[in-house]
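# Summary of the model geometry
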Amino acid sequence: MSPRIRGLRTCRAWLQSRPLAADALLALGLLLVGLPQLYVEDLPHGEGYEQFRSPDLVNGLLVGVVALALTFRQRYPLSVLMFVVAGDSLMVLRDYPPSVPDVVAFLIAVYSVAAHRGLAHSVLGGLVGLVYFAVSVTVMPVDISPVVLITDLALVGGVWVLGRNLRMRRAYFAELEDRAARLERARGTDARAARIEERSRIARELHDVVAHHVSVMTVQAGAARRIIDRDSDSAREAMSTIEEVGRTALSEMRRIVGVLRTDRDAEQAGRELAPQPGLGDLGELLDHVRETGLSVQLWIEGEARTPSPGVDVAAFRLIQEALTNTLKHAGSQARAWVRLYYTDDDLTVEIEDDGHGTATIMADNGDNPGHGLVGMYERVALYGGELRIGPRVGGGFGVRARFPLEA
């Protein structure tokens, strides 16, 4: 960029940041160009021009005051227009001839009202300008044809329309900038909300994983402790189950927490992150539960259909959490049933047991529901389903959820 262009841009930025100084320079420039012409140029002969007074010092002072009033045209546009109209009217009454500075100052004042004030003030300024111009032309001693009068009035109206259009254009761009700023703020708010929601989801996932696997490990460890003296083979088998369940828990926790890491590329993340568990993994889940000594049976009714990925994960986690509660509260002799009912549109999941843990579950969660029951309600509600939890007829506890197959 050349030094000249850089200097022009610097000067322009300086003037834009100081509108009062820019308007003062405009007024001075108008005077430097038009004021000498007032005294040097002779008026035409005939057509009434001989009735004008010759320009004198008073005329020059009035023209200078009117032109310098433009310094405040952006700050007080309507007041400046009234001042210019008053000054020009005084010159008309004193029979001074019209000059370039006062005519241009009048047009700039009309433009300023339209460009820097609201509709009410701009309309008022436009009407004042038109009325003053029509009256001043009429009372002048110069003969003006109707065509010239209409043309001049159209010029005043055109200046007003130009200022109004530029104001609307500035308002439009200001609205675009404000909208962009609001969208940027909304994007930041949405991003923060998404992070909070994701953290909540991960917390629920971790709770489900840890609660289930730790419950299985606790049951197996208790069984191994009771039989280690009389049945060492069974104790070793229980220990092996604890080791396997612990490894599975660590693997799932590593997968869930791994999504929070951002310093790995997509390819490496794809290799390390296993898919979310779903109903296809239900057999493995039930095998782990049976190894604890809890009898679990599975029934599937209807034509099995593949639900949406979110419903698939939610249904699996619901069964996992319900069986975990059965392990904790139902007792060692309890039995559990898992039923899946498929229809054309819905999937109903039921988990029931015949244990004696109903009172324990309700006492633990009635006044201050834990993450387990809250997580169940949140998961089912997230995918537009319905959930019922409570004691079953004949004893035990039941969980029944209905999911739409398409979330």
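Residues numbered from 1 in each chain as written. Predicted model: local features only at pLDDT ≥ 70, side-chain atom pairs only at ≥ 80, totals over all residues. Heavy atoms only, no water.

### Topic: the overall build of the chain
- In terms of regular secondary structure, the chain is built from 13 helices and 5 strands.
- Per-residue burial for the chain yields a buried fraction of 38% across its 407 residues.
- Excluding contacts between residues fewer than 6 apart, the proportion of contacts in the chain whose partners are at least 24 apart in sequence is 72%. (Helix = DSSP H or I, 4+ residues; strand = E, 2+ residues; numbered from the N terminus. Buried < 20%, exposed > 50% of the residue type's maximum accessible area, 1.4 Å probe, protein only. Contact = heavy atoms within 4.5 Å.)

### Some remarks on the sheet that holds strand β1 (residues 295–301)
- The strand order across the open sheet formed by 5 strands is β1-β2-β3-β5-β4, and the pairing between neighbours is mixed. Two strands bound the open sheet, and with one partner strand each, they are β1 and β4 (386–391). On average, each strand axis in the sheet is inclined to that of its neighbour by 10°, with strand direction left out of account.
- Sheet topology places β1 next to strand β2 (residues 335–342); 7 bridges connect them, and they run parallel. Its bridge partner lying in β2, S295 is registered against R335.
- Against the sheet, helix α10 (residues 282–290) engages β1 and β2, with an angle of about 160° to β1. (Pairing = 2+ DSSP bridges. Axes fitted to C-alpha atoms, helices over the stretch in contact; angles between N-to-C directions.)

### A few points about a negative patch on the surface
- Taken together, the side chains of E237, E244, D281, E284 and E291 define an acidic patch exposed on the protein surface.
- Checked against the element boundaries, E291 lands in the loop between α10 and β1. (Patch = residues over 30% accessible without salt bridge, like charges linked within 9 Å, V, L, I, M, F, W, Y side chains within 5 Å. Areas by Shrake-Rupley, 256 points an atom, 1.4 Å probe, with all protein chains shown as cover. Salt bridge = Lys/Arg side-chain N within 4 Å of Asp/Glu carboxyl O. Lys, Arg positive; Asp, Glu negative; His and termini not counted. Charge placed at Lys NZ, Arg CZ, Asp CG, Glu CD.)

### Re the environment of L282
- Mapped onto the fold, L282 is located in helix α10.
- Leave out the neighbours within four places in its chain, and L282 touches L298, F316, I319 and L340.

### Structural notes on the packing of helix α1 (residues 3–17) against helix α2 (residues 19–40)
- Orientation of α1 relative to α2, taken along the N-to-C sense of each, is 105°, at an axis distance of 5 Å. Classified by the interaxial angle, the pair formed by α1 and α2 is roughly perpendicular. Residues W14, L15, Q16 and S17 of α1 touch α2, and the partners they reach there are P19, A21, A22 and L25.
- The residue makeup of the contact of α1 with α2, split by class, is 6 nonpolar, 2 polar and no charged. (Parallel < 35°, antiparallel > 145°, perpendicular 65-115°, else oblique. Nonpolar A, V, L, I, M, F, W, Y, C, P; charged D, E, K, R; others polar.)

### Considerations on the confidence of the model for the chain
- Per-residue confidence for the chain gives a mean pLDDT of 80, with 86% of residues at or over 70.
- Within the chain, helix α9 (residues 266–272) has the poorest average pLDDT of any element, 46, and β2 the best, 93.
- For the stretch residues 365–369, pLDDT sits under 50, and the model shows 3 contacts to residues farther than four places along the chain or on other chains. (pLDDT = per-residue confidence, 0-100.)

### Some points on the packing of helix α4 (residues 77–93) against helix α6 (residues 119–139)
- With their axes 11 Å apart at the nearest point, α4 and α6 run at an angle of 5° to one another. Relative to α6, the element α4 is oriented roughly parallel. For the pair α4 and α6, the contacting residues are L78, L81, M82, V85, D88, S89 and V92 in the first and H121, L124, G125, V128, Y132, S136 and V139 in the second.
- A class-by-class count of the residues in the contact of α4 with α6 yields 9 nonpolar, 4 polar and 1 charged.

### What about the nonpolar core?
- Ranked by size, the top nonpolar core spans 36 residues in total, and within it I319, V349 and F403 carry the most contacts.
- Listing elements by their share of this core, those giving two or more residues are α10, α11 (309–329), β2, β3 (346–353), α13 (371–382) and β5 (397–404).
- With 9 residues, α11 is the largest single contributor of residues to this core.
- The residues contacting F403, other than those within four sequence positions of it, are V311, A314, A315, L318, D345, D346, L347, V349, R379 and V380. (Core = buried A, V, L, I, M, F, W, Y, C linked by side-chain atoms within 4.5 Å.)

### Side note on the packing of aromatic side chains
- All told, the structure shown has 3 aromatic pairs when counted by the stated rule.
- Aromatic rings pair up to connect F106, Y132 and F133 into one cluster. (Phe/Tyr/Trp six-rings, centres within 6.5 Å; stacked < 30°, edge-to-face > 60°.)

### Thoughts on helix α5 (residues 100–116)
- When the terminal C-alpha atoms of α5 are compared, their 24 Å separation across 17 residues agrees well with the 24 Å that a helix rising 1.5 Å per residue should span.
- Within α5, 14 of the 17 residues are buried, which leaves the element mostly enclosed by the surrounding structure. (Expected span 1.5 Å × (residues − 1).)

### With respect to a nonpolar patch on the surface
- A contiguous nonpolar patch, built from L20, F72 and Y76 and spanning about 280 Å² of accessible area, is present on the exposed surface.
- With respect to the element layout, Y76 can be found in the loop between α3 (57–68) and α4.

### What to know about unusual backbone geometry
- Of note, D95 is a non-glycine position whose phi angle comes to about 65°, a positive value.
- Assignment of secondary structure puts D95 in the loop between α4 and α5.
- A residue is classified by how much of its surface remains accessible, and D95, at 34% relative accessible area, is partly exposed.

### Regarding the pattern of salt bridges
- Scanning all chains against the criterion turns up 13 salt bridges.
- E175 is the partner of R182 in a salt bridge, and the nearest nitrogen-oxygen pair spans 3.5 Å.
- Of the residues examined, R182 reaches a relative accessible area of 37% and is grouped as partly exposed.
- For R182, the salt bridge goes to D178, with nearest N and O atoms at 2.1 Å. Residue R182 and its partner D178 are located together in helix α7 (residues 146–227), separated by 4 residues, close to a single helical turn.
- On the accessibility criterion, D178 (34% relative accessible area) is partly exposed.

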